[in-house]
Amino acid sequence: MTNHPGFTLWFTGLSGAGKTTVARALYTRLKDLGMRVERLDGDVVRESLTKDLGFSKEDREQNIERVTFVAKLLSRNNVAVLASFISPYAKTRDYVRNETTNFIEVHVSAPLAVCEERDVKGMYAKARAGEIKNFTGISDPYEEPTNPDILLPTHEQTLEESVEMLVQELSKRGLLPEPISN
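Treat the numbers as computed from the prediction; the structure is a model and nothing was measured.

Topic: the packing of aromatic side chains
Thinking step 1. Enumeration over the complete set of coordinates arrives at two aromatic pairs.
Thinking step 2. Taking 5.4 Å as the distance between ring centres and 20° as the angle between the ring planes, the aromatic pair formed by Trp-10 and Phe-85 counts as stacked. Within this pair, whereas Trp-10 is found in strand E2 (residues 7-12), its partner Phe-85 is found in the loop between strand E4 (80-84) and helix H4 (90-99), the two being separated by 75 residues in sequence. When sorted by exposure, Trp-10 lands in the same class as Phe-85, which is buried.
Thinking step 3. Between the aromatic rings of Tyr-124 and Phe-135, the centroid separation amounts to 4.9 Å while the plane-to-plane angle is 80°, which identifies the pairing as edge-to-face. Of this pair, Tyr-124 sits in helix H6 (residues 123-128) while Phe-135 sits in the loop between H6 and strand E6 (150-153), and the two are 11 residues apart along the sequence.
Thinking step 4. Of the residues examined, Tyr-124 reaches a relative accessible area of 1% and is grouped as buried.
Thinking step 5. Its relative accessible area of 10% is what places Phe-135 among the buried residues.

Describing the nonpolar core
It is characteristic of soluble globular proteins that their nonpolar side chains tend to be buried jointly.
Thinking step 1. With 31 residues, the main nonpolar core has Leu-9, Phe-11 and Leu-30 as its most contacted residues.
Thinking step 2. Secondary-structure elements contributing two or more residues to this core are E2, helix H1 (19-32), E4, strand E5 (103-109), H6, E6 and helix H7 (159-172).
Thinking step 3. Counting 11 residues, the second largest nonpolar core, distinct from the first, contains Leu-40, Ile-64, Phe-85 and Phe-103.

Details of the packing of H1 against H7
Thinking step 1. Two elements in contact, H1 and H7, have axes separated by 10 Å at closest approach and are oriented at 55°. With respect to H7, the axis of H1 lies oblique. Between H1 and H7 lies a crossing whose hand is right-handed. Taken together, the residues of H7 that come into contact with H1 (itself represented by Thr-21, Val-22, Ala-25, Leu-26, Arg-29 and Leu-30) are Leu-159, Ser-162, Val-163, Glu-164, Leu-166, Val-167 and Leu-170.
Thinking step 2. Of the residues in the contact of H1 with H7, the class split is nine nonpolar, two polar and two charged.

Cut-offs used in this document
Residues numbered from 1 in each chain as written. Predicted model: local features only at pLDDT ≥ 70, side-chain atom pairs only at ≥ 80, totals over all residues. Heavy atoms only, no water. Phe/Tyr/Trp six-rings, centres within 6.5 Å; stacked < 30°, edge-to-face > 60°. Helix = DSSP H or I, 4+ residues; strand = E, 2+ residues; numbered from the N terminus. Buried < 20%, exposed > 50% of the residue type's maximum accessible area, 1.4 Å probe, protein only. Core = buried A, V, L, I, M, F, W, Y, C linked by side-chain atoms within 4.5 Å. Axes fitted to C-alpha atoms, helices over the stretch in contact; angles between N-to-C directions. Parallel < 35°, antiparallel > 145°, perpendicular 65-115°, else oblique. Left-handed = near helix turned anticlockwise from the far one by under 90°. Contact = heavy atoms within 4.5 Å. Nonpolar A, V, L, I, M, F, W, Y, C, P; charged D, E, K, R; others polar.

Shape is all these values report; function is a separate question.
Okay, structure coming up:
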């Protein structure tokens, strides 16, 4: 077992930018270090904690408020939280920053065209056809972070490079574990 402070690594970006993919890979890396780590993912959370919410601006904000409460509890109890949410509004991300322990904003960035190419669910095509309303990047805005703590241009680097950038930042901030001495 290791000793480490809690933190909230908040992955924001368009659908298909790579938030979940990077968070999954980092999760494995941190678990291998013996860390207490939890992943909160937009798709998974919407199947349980926030299944009663839609995609209006108000519902999106309520979704993030609920997730923030969970991240707050975990991070203050020395758990590494990897949260992957489009979270399109800067005001909402600022709320998360103020509520959680050791918040780090990670902008997972890829051009819209790349995100559309990666879209295995066909959501962008449905949004462009008008079948999905309030779709971020098409019929709803995405307010890009103006000064993220970490920028991951996933269309320009490998998954391994993205994970290594994150590990280096966590190390620099003193958030990686130190062995507990007996």
